[in-house]
Amino acid sequence: MDVKLETSWDDLPLMANTSHILVKHYVLDLDVDFESQIFEGTIVLFFESRNRLEKQSGSTKETCRSESNEACRFSTPEPCHSPVTDTRTSSSKTGYNDFAICGKGEKDTSGKDGNHDNPEQASGISSSKYCCDTGNHGSEDFLLVLDCCDLSVFKVEEVDVAVVPGIETFTGSSQIAFVSEELRNQIVHELVTLPADRWREQFDYYAHCSQAPGCGELLFDTDTWSLRIRKTGAQTATDFPHAIRIWYSTKPQGRSVTWTSDQSGRPCVYTMGSPVNNRALFPCQEPPVAMSTWQATVGAAASFVVLMSGENPAKPTQLREGRASWHYYVTMPMPASTFTIAVGSWAEMKPEICSSEDLAAETSLTPSEADFRCVGVCGHMEYPCRFQNPSATTQEVIPHRVFAPVCLQGACYETLLPLVRPCLSAAHSVLGTHPFSRLDILVVPANFPSLGMASPHIIFLSQSVLIGMNHLCGTRLCHEIAHAWFGLAIGARDWTEEWLSEGFATHLEDVFWAKAQQLAPHEAWEQQELKADLRWRCLQDEVRNYPEEMQVLRPNKEKTGHVSDSGSSVIKHGLNPEKVFMQVHYLKGYFLLRFLAQRLGDDTYFAFLRKFVHTFHGQLILSQDFLQMLLENIPEEKRLDLSVENIFRDWLESSGIPQPLQTERQARAECGLARRVGAEVHKWIRVSRRPQKRKRRETEEVFEKLLPDQLVLLLEHLLEQKTLNPRTLQSLERTYQLSQQDAEVRHRWCELIVKHKYTKAYKDVERFLQEDQERSQRDSFPCMCTQPWWDRGRVDAGRQRKGNGAAEASSVHTTVLLFPRLPSPGLMEHVVPLCRPGLTASGRRVRIGSPSWGEGTSVTGDESRLRYIGKAAVHFAYGCSGYFLESQGAPELVSWDHGHHLICFSRSFQKDSAGLC
């Protein structure tokens, strides 16, 4: 089996052999342990072999590939039998009493956190009776490969679904006389193929089956990126057990989740949209084609709230004193990478006044209550689809809840909560039916690496959107809401085509926000043109500062969507630290869609977009699916030179600025909002050039009130000035109250402070670095400004640069400046004072002034190792996009041997990520 892929250091491998077998449903049963910082429990996977799927449905596009004759070589153990009568106990979690989840099993004795000495040779642990080895015993059994990393796997077993009461209805007989592997697989096949209108019965049986006893342990082995499982004698995917249970725990340093404290100082954990997706949270099939449903039960201390990707607004079930469980489910098949969880002491914000009309508009329509009469034919696999429900199609505002740490309740009530209804309603007015039945919104801890992340039924927002006017909060909320259609309901079949989610969300955020504000058409046009100006400046910086090969939106070209014979593939540059900070796929995608909308006219374009959503929701697409359907709907007189081939050539398969965009930007005139900014810029330049002692009769400049985006543009223009005197900067701050504006504006203000050495405002820089993420277009999906370099005076928060750039990220306890390379000594003289006493800079070398490390100590690391030096540990997590630090004492400046440098602003901190975007 071709599980070995040719990868570069920065590629993300997708190892699962999805061409042979697909996960159709996951059942997770986990406990949260904040003391150990792990999730621990079981996951049950229900499979369907691809050849059976294709025999059942002739509409499947990909053909089933023959089983590979490359065998995984394991030792051959004696069969392991688990009699049913010895394993039944009462369930303590889900309320299903027929079967219990078996004991968690003994933990791995190889290390406290479950690490093996040699991850390449890691295998089943001591609690598993039979472990895998690499000896060649002539076996050619089928090998199941799951995507997995940073997990401790304890045991893998087949689930005896045949003993579940009532399951005989799936066998066509009144009782089961003889249980065989074929019969168990037939039961699972009948279960996973139940029609959509029987979804509740189906999920009940999933839950009962997940608690059924095991009927034999399976051999397993792990390597860096995968978990490999086989059963002796099962030589094809059809023969392999179609229901298996995996006993495992996560690891504290696992890259799929972040353990931290919220803004109120209470412990919490959440998935952060990691480049490795969810493979460090549970073993899964990561390729997008492996679309599955799931249900999950999570136990935690009763004081915590568990939020998750789920159709139901779960409420806690009391387990025992001080413990509760939360149960969520999803009936719409989705890639496993979209699963999201957050556990913390979240407080719910509820609207103080709800009219009867509002409540009626937000009535939740669960699949069991929905009337799924056909409203046009859907092209996706069968599930309880809202597009088939007439009541759901007219629901402008779906039910929603807002959660945040206790200390942010006031800000949420003031800024976020009033925006949710108008933004949801605006999205419905543009695209129609909401793909998901409900929505939770969570304001996440301060170390969250971006401004937002969208997942099924849940959105994460940064605390940074709550500061200043509601503009930043509204636009970011609209961006994440847009992902419900583009990125979630319609996903990219090849993850390298990120523009299919981010380009659409960026373009739609402007449209949604204009409607949410109820702007007149001319006002909406002005604001969108101003935003286009800002994004144009940003795109120019992006193409100047990043490698050409990473500026291509369709890098695989004609091989886009191709996978190996087994279904495994590689995401080029998926782990590249620079990609985490790039916005090219947002910006070029946005400008392409803007170009197409202008060619068609807005009315025609958005009418087409609704048609496209109705045609492709619930499916995975490639660029050509969108472009071909679009061109078929363009009148001949408007098509001109447009073709799929030309768009590929000009926009998607070339680096740099697309020529049509270059032509359009050169020919266009400034909008009125931008012209007013230009006038204000000239006023400030005149003010800065005036002598300190002015003539008495000289008139004072009168400055206009500016919108947030106008302030951003104003400050960007002023950043291009070689000098601005302190008196001008002081007046600038007072005129616009810059320290009270939103994060985008304050970001530019901090850049001016640093560039012009305005020491009186250094406290504003420190506050920004400690409390805010910039207005990053990046939103972990899975989660947008001009960012020049240090030599142009930028603090460049949250983004790595090729030159003397700096990147920043904040957490509850620490803030870190990350330098791609050490800035000039002159600049360091002005940065170091911000960090409080204890840091020194000598020439182009950095010395550490922390007592806990000793003067002159340096730290070394690579892409995957954890190194301990004295009392400090630095974890270089998937490139320079994440660092985990433990330290005591004064602030430190850490120098990395591979040319990255950190400045830490905190006095003490533990395991908080930094440098993420």
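Residues numbered from 1 in each chain as written. Predicted model: local features only at pLDDT ≥ 70, side-chain atom pairs only at ≥ 80, totals over all residues. Heavy atoms only, no water.

Engineer: Can you break down the overall build of the protein residue by residue, with the values?
Structural biologist: Secondary structure summary: the protein contains 22 helices and 34 strands in total. Evaluated residue by residue, the protein yields a buried proportion of 63% over its 917 residues. (Helix = DSSP H or I, 4+ residues; strand = E, 2+ residues; numbered from the N terminus. Buried < 20%, exposed > 50% of the residue type's maximum accessible area, 1.4 Å probe, protein only.)

Engineer: Now, about the nonpolar core: what can you tell me, with residues and values included?
Structural biologist: Among the nonpolar cores identified, the biggest contains 196 residues, and Ile 229, Ile 246, Leu 416 and Phe 626 are the most heavily contacted of them. Leaving out residues up to four positions away in the same chain, Ile 246 has contacts with Gly 41, Thr 42, Ile 43, Leu 45, Leu 146, Val 153, Lys 155, Val 156, Leu 227, Ile 229 and Pro 283. (Core = buried A, V, L, I, M, F, W, Y, C linked by side-chain atoms within 4.5 Å. Contact = heavy atoms within 4.5 Å.)

Engineer: Tell me about the packing of helix H9 (residues 521-545) against helix H11 (residues 584-600), and please be specific about residues and values.
Structural biologist: When two helices pack together, their arrangement is captured by the angle between the axes and the distance separating the axes. For the pair H9 and H11, the least separation of the axes is 10 Å and the interaxial angle reads 135°. The angle between H9 and H11 places the two elements in the oblique class. The two elements H9 and H11 meet at a crossing, and its hand is left-handed. Residue-level inspection shows Gln 528, Glu 529, Ala 532, Arg 535, Trp 536, Cys 538, Leu 539 and Glu 542 of H9 in contact with H11, the latter providing Val 584, Leu 587, Lys 588, Tyr 590, Phe 591, Arg 594 and Gln 598. Taken together, the residues of the contact of H9 with H11 sort by class into 8 nonpolar, 2 polar and 5 charged. (Axes fitted to C-alpha atoms, helices over the stretch in contact; angles between N-to-C directions. Parallel < 35°, antiparallel > 145°, perpendicular 65-115°, else oblique. Left-handed = near helix turned anticlockwise from the far one by under 90°. Nonpolar A, V, L, I, M, F, W, Y, C, P; charged D, E, K, R; others polar.)

Engineer: Go over the sheet that holds strand E21 (residues 458-461) with me, naming the residues and quoting the values.
Structural biologist: Taken in spatial order, the 5 strands line up as E17-E18-E19-E21-E20 in an open sheet, and their pairing is mixed. Only two strands of the sheet have a single partner each, and these edge strands are strand E17 (347-349) and strand E20 (452-455). Each neighbouring strand pair of the sheet contributes to a mean axis angle of 20°, computed without reference to strand direction. Strand direction decides the pairing type here: strand E18 (residues 400-404) and strand E19 (residues 439-443), joined by 4 bridges, are parallel. For Val 402, the partnering residue across the bridge sits in E19 and is Ile 441. (Pairing = 2+ DSSP bridges.)

Engineer: Please give an account of helix H15 (residues 644-652) that cites residues and values.
Structural biologist: Since there are 3.6 residues in each turn of an α-helix, residues three or four apart along the chain are aligned in direction. Among all positions of H15, only Val 644, Ile 647, Phe 648, Trp 651 and Leu 652 are buried. For H15, the angular spread of the buried residues around the axis is 105°, confining them to a single face. Its buried side turned inward, H15 meets helix H8 (499-516), H11, helix H13 (623-632) and helix H16 (659-667). (Arc of directions from axis to C-beta.)

Engineer: Talk me through the packing of aromatic side chains; I want residue IDs and the actual numbers.
Structural biologist: The tally for this structure, following the rule as stated, stands at 33 aromatic pairs. Taking the centre distance of 5.1 Å and the plane angle of 80° together, the rings of Phe 170 and Tyr 205 count as edge-to-face. Highlighted residues: Phe 170 in the loop between strand E5 (151-159) and helix H2 (181-192) and Tyr 205 in helix H3 (residues 199-210), separated in sequence by 35 residues. Note on accessibility: Phe 170 and Tyr 205 belong to one class, buried. Where Phe 608 meets Phe 612, the ring centres are 6.0 Å apart and the plane angle is 40°; that geometry is what we call tilted. Linking Phe 608 with Phe 612, this pair stays in helix H12 (residues 602-616), spanning 4 residues, or about one helical turn. Following the ring pairs from residue to residue traces out a cluster consisting of Phe 486, Trp 499, Phe 504, Phe 608, Phe 612, Phe 616 and Phe 626. It is Arg 554 that lies over the ring of Phe 648; its NZ or CZ is 3.9 Å from the centre. (Phe/Tyr/Trp six-rings, centres within 6.5 Å; stacked < 30°, edge-to-face > 60°. Lys NZ or Arg CZ within 6 Å of the ring centre and 35° of its normal.)

Engineer: Give me the sheet that holds strand E7 (residues 219-222): which residues, what numbers.
Structural biologist: Judged by pairing direction, the sheet is antiparallel, and its 3 strands sit side by side in the order E4-E8-E7 without closing on themselves. Looking at the sheet topology across the chains shown, the edges are occupied by strand E4 (144-147) and E7. Each strand of the sheet is rotated relative to its neighbour by a mean of 20°, with strand direction disregarded. Direction of pairing for E4 relative to strand E8 (residues 226-230): antiparallel, over a ladder of 4 bridges. When the sheet's bridge partners are listed, Asp 147 is paired in E8 with Ser 226.

Engineer: Can you break down the environment of Gln 583 residue by residue, with the values?
Structural biologist: Counting through the fold element by element, Gln 583 comes out in the loop between helix H10 (577-581) and H11. Gln 583 sits 41 residues away from Glu 542 along the chain, and the two C-alpha atoms are 7.1 Å apart.

None of this, on its own, says anything about what the molecule does.
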